[in-house]
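Residue-level structural notes
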Amino acid sequence: MPLPMHTHEFADGAALAEALARAVAADLRGAIARRGRARVALSGGSTPKAFMQALSRQVLDWASVTVLPIDDRWVHGRHERSNERLIRENLLQGEAAQARFLPLYRPSPSPEAALLPVLSRIANEALPLDVAVLGMGEDGHVASLFPDLGLDTPGLREIGLQPRGRAPALAVRSANAPEPRMTLTLSAIFTAPSVYLHIEGDRKRRVLDGAAGDPRSTLPVRALLAGAPTPPALYWCP
Ligand SMILES: O=C(O)[C@H](O)[C@@H](O)[C@H](O)[C@H](O)COP(=O)(O)O
């Protein structure tokens, strides 16, 4: 029996981006109505650019929203590989520029050296989340939780993938990533009542379905599906 997801299929990335932006905006409006503020964590990479631009056009009380990356490459915020830069250039524009942004990157030689202040800031200013939007790599990673997580540091995999842990963030190095990373853990991501998985392309869908259907899969995306308090919403197009 494959692990459950609420699947939303679209003809193309543009239609997906608009629908996902409307869904996330509705979640943010609901959180603001209930608590006066909303917190959203977004993945980077190449897939979410159109979604971020569509979300930026949504009408809501952006001054009550806190935005943070689900993960980031350990590069300065103006670097071309920076997820912070991706979010600032594609989401935090126009009215959405009023949102508060919490970077994961800070000027430090390594994510390990910055971990304690990042942990404190995430715990005190970002959790619990209201919305988390994940992408997935073709290797089955989500956030910067890669399949080789913990190979050289026993215990790191459990911290990153356990559904209810204490550490909301991790410093990660992976053979699958050119830079060191800082990433939220699944336990931090699962504080969000709304978890979305945004993937595009048949290859990624095959990886996802393979992980969802195989109880022996050790891919991080399976840990996401298995540990999520409620089934994530899959937004995908071929
Ligand atoms: O920093 C990152 O790379 C992302 O947060 C990462 O988890 C991303 O969601 C996947 O790698 C998919 O990336 P693409 O959208 O580029 O395929």
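If you're wondering where the values come from, they're calculated on a predicted model, not measured in any experiment.

A look at the overall build of the chain
Along the backbone of the chain there are eight helices and 10 strands. Each principal axis of the C-alpha atoms in the chain carries an extent, and together these give about 45 × 40 × 35 Å. Here the analysis covers contacts within the chain between residues at least 6 apart in sequence; of these, 77% occur between residues at least 24 apart. Roughly 10300 Å² of accessible area belongs to the chain as shown, and the carbon and sulfur atoms make up 53% of that amount. Seen as two clouds, the 27 positive and the 24 negative side-chain charges of the chain have centres 4 Å apart.

Quick look at the environment of Pro168
Tracing the backbone through its elements, the reader meets Pro168 in the loop between helix H5 (156-161) and strand S7 (169-172). Considered as a pair, Pro168 and Ala226 are 58 residues apart in the sequence and their alpha carbons are 18 Å apart. With near-sequence residues (within four places) excluded, Pro168 lies in contact with Leu119, Ile122, Leu127, Thr183, Leu184, Thr185 and Ala188.

Describing the site of the ligand
Lining the immediate environment of the ligand, one finds 15 residues, of which Thr47, Asp71, His141, Ala143 and Lys204 sit closest. A distance of 2.6 Å separates an oxygen atom of the ligand from a polar atom in the side chain of Thr47. Interatomic distance of 2.6 Å between a side-chain N/O atom of Lys204 and an oxygen atom of the ligand. Compared with its free state, where it exposes 410 Å², the ligand has 87% of that area covered by protein. Here the residues of the shell around the ligand sort into two nonpolar, nine polar and four charged.

A look at helix H1 (residues 13-35)
For an α-helix, 3.6 residues make a turn, and residues three or four places apart therefore share a direction. Between the first and last C-alpha of H1 there are 32 Å, a value that for 23 residues agrees with the 33 Å anticipated at 1.5 Å per step. Leu16, Ala17, Ala19, Leu20, Ala21, Ala23, Val24, Ala25, Leu28, Ala31 and Ile32 are the residues of H1 that are buried. Those residues of H1 hidden inside the fold are in contact with strand S2 (38-42), helix H2 (49-56), strand S3 (65-69), strand S6 (131-134), strand S9 (194-200) and strand S10 (233-237). The opening residue of H1, the one whose side-chain oxygen lies 3.1 Å from the backbone nitrogen of Ala14, is Asp12. Following H1 by one or two positions, Gly36 adopts a phi angle in the positive range, close to 80 degrees.

Quick notes on the UniProt feature "domain: Glucosamine/galactosamine-6-phosphate isomerase" (unreviewed entry) in the chain
Annotation from UniProt places "domain: Glucosamine/galactosamine-6-phosphate isomerase" (unreviewed entry) at residues 12-225. The distance separating the terminal C-alpha atoms of residues 12-225 is 24 Å; by composition the span is 38% helix and 16% strand.

Remarks on the packing of aromatic side chains
On inspection of all chains with the given rule, the structure shows three aromatic pairs. Ring centres 5.6 Å apart and planes at 75 degrees place the aromatic pair Tyr196 and Tyr235 in the edge-to-face group. Of this pair, Tyr196 sits in strand S9 while Tyr235 sits in strand S10; the two residues are 39 residues apart in sequence, bridging distant segments of the chain. Per residue, the accessibility class of Tyr196 equals that of Tyr235, and both read buried. Counting every residue linked through ring pairs, the aromatic cluster contains Phe10, Tyr196 and Tyr235.

Quick word on the side chain of Arg39
Its place among the elements puts Arg39 in strand S2. Despite its burial, Arg39 pairs with no opposite charge; the closest candidate is Asp130, at 5.7 Å N-O. Here the side chain of Arg39 touches Leu127 through a polar contact of 2.7 Å, landing on its backbone oxygen. A distance of 3.4 Å separates a polar atom in the side chain of Arg39 from the backbone oxygen of Pro128. Other than its neighbours up to four places away in sequence, Arg39 contacts Thr66, Asn124, Glu125, Ala126, Leu127, Pro128, Leu129, Asp130 and Val131.

Quick notes on the rules
- Residues numbered from 1 in each chain as written.
- Predicted model: local features only at pLDDT ≥ 70, side-chain atom pairs only at ≥ 80, totals over all residues.
- Heavy atoms only, no water.
- Helix = DSSP H or I, 4+ residues; strand = E, 2+ residues; numbered from the N terminus.
- Contact = heavy atoms within 4.5 Å.
- Areas by Shrake-Rupley, 256 points an atom, 1.4 Å probe, with all protein chains shown as cover.
- Lys, Arg positive; Asp, Glu negative; His and termini not counted.
- Charge placed at Lys NZ, Arg CZ, Asp CG, Glu CD.
- Near = heavy atom within 4 Å.
- Polar contact = N/O pair within 3.5 Å; in protein donor to acceptor, adjacent residues only side chain to side chain.
- Nonpolar A, V, L, I, M, F, W, Y, C, P; charged D, E, K, R; others polar.
- Expected span 1.5 Å × (residues − 1).
- Buried < 20%, exposed > 50% of the residue type's maximum accessible area, 1.4 Å probe, protein only.
- UniProt positions renumbered as here; feature names shortened; annotations may be inferred.
- Phe/Tyr/Trp six-rings, centres within 6.5 Å; stacked < 30°, edge-to-face > 60°.
- Salt bridge = Lys/Arg side-chain N within 4 Å of Asp/Glu carboxyl O.

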